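Close look at the chain arrangement
Residue strings, one per chain:
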Amino acid sequence: MLEKVNGISLCCRSLQGIRIIQAAAGPGRTMLISDAGQVYAFGKDSFGEAEYGAQGSKMVTTPQLVESLKNIFVVQAVIGNFFTAVLSREGRVYTFSWGNDGRIGHQTEPNDVEPHPLLGALENIPVVQIAAGYCYLLALACHPSGM
């Protein structure tokens, strides 16, 4: 049986035995989260194939384990236009890929594809949910005085 996601035909056998609990879709790319906290990605420019300032043409057609996240138990993922963010079981937000001028919350190279924890105001406050749009990331945090 073949399914189509983001215009890509994908064989269910590539995820056989893996229980997917969440999916995030963005411009030409998709991320899947398993019940074991692992992240699988596929589509255009999946995790670093793009060159800075342009969307690349490499297409990843089969969901691939995102190696840079395999030591983080991920419970949610979101995709913006030029960035990706994931939320860990511990309430930490990690951002990576296609940022510039510190717009993804950390001062690294613009095409940095390694996840980095979001620092600053949310550094020591557990986040319970994240959302992304074209060029923004929202976080719902659990502050001692309320949400």
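Note that this is a predicted model, so its numbers are computed, not measured.

**Some remarks on the confidence of the model for the protein chain**
When pLDDT is averaged across the protein chain, the result is 77; 69% of the residues are at 70 or more. Within the protein chain, the lowest mean pLDDT, 48, falls on strand E2 (residues 8-11), and the highest, 95, falls on strand E7 (residues 74-79). Scored below 50 in pLDDT, residues 48-55 shows 17 contacts in the model against residues more than four places distant or in partner chains.

**A closer look at the sheet that holds strand E5 (residues 39-44)**
Here 4 strands make up an open sheet; going across it, the order is E3-E4-E5-E6 and the pairing antiparallel. What marks the edges here is a single partner per strand, and that holds for strand E3 (20-26) and strand E6 (59-65). Averaged over all adjacent pairs, the angle separating strand axes in this sheet is 10°, with direction ignored. Bridge count between E3 and strand E4 (residues 29-34): 6 bridges; the pairing is antiparallel. The residue of E4 that forms the bridge with Ala-24 is Met-31.

**Observations concerning the sheet that holds strand E10 (residues 116-117)**
A sheet is described by the order of its strands in space; here 4 strands give the open sequence E7-E8-E9-E10, paired in antiparallel fashion. Each edge of the open sheet is held by one strand with a lone partner, namely E7 and E10. As paired strands, E7 and strand E8 (residues 84-88) are joined by 5 bridges and run antiparallel to one another. Within E8, the residue paired with Val-74 across the bridge is Ser-88.

Rules behind the numbers
- Residues numbered from 1 in each chain as written.
- Predicted model: local features only at pLDDT ≥ 70, side-chain atom pairs only at ≥ 80, totals over all residues.
- Heavy atoms only, no water.
- pLDDT = per-residue confidence, 0-100.
- Helix = DSSP H or I, 4+ residues; strand = E, 2+ residues; numbered from the N terminus.
- Contact = heavy atoms within 4.5 Å.
- Pairing = 2+ DSSP bridges.
- Axes fitted to C-alpha atoms, helices over the stretch in contact; angles between N-to-C directions.

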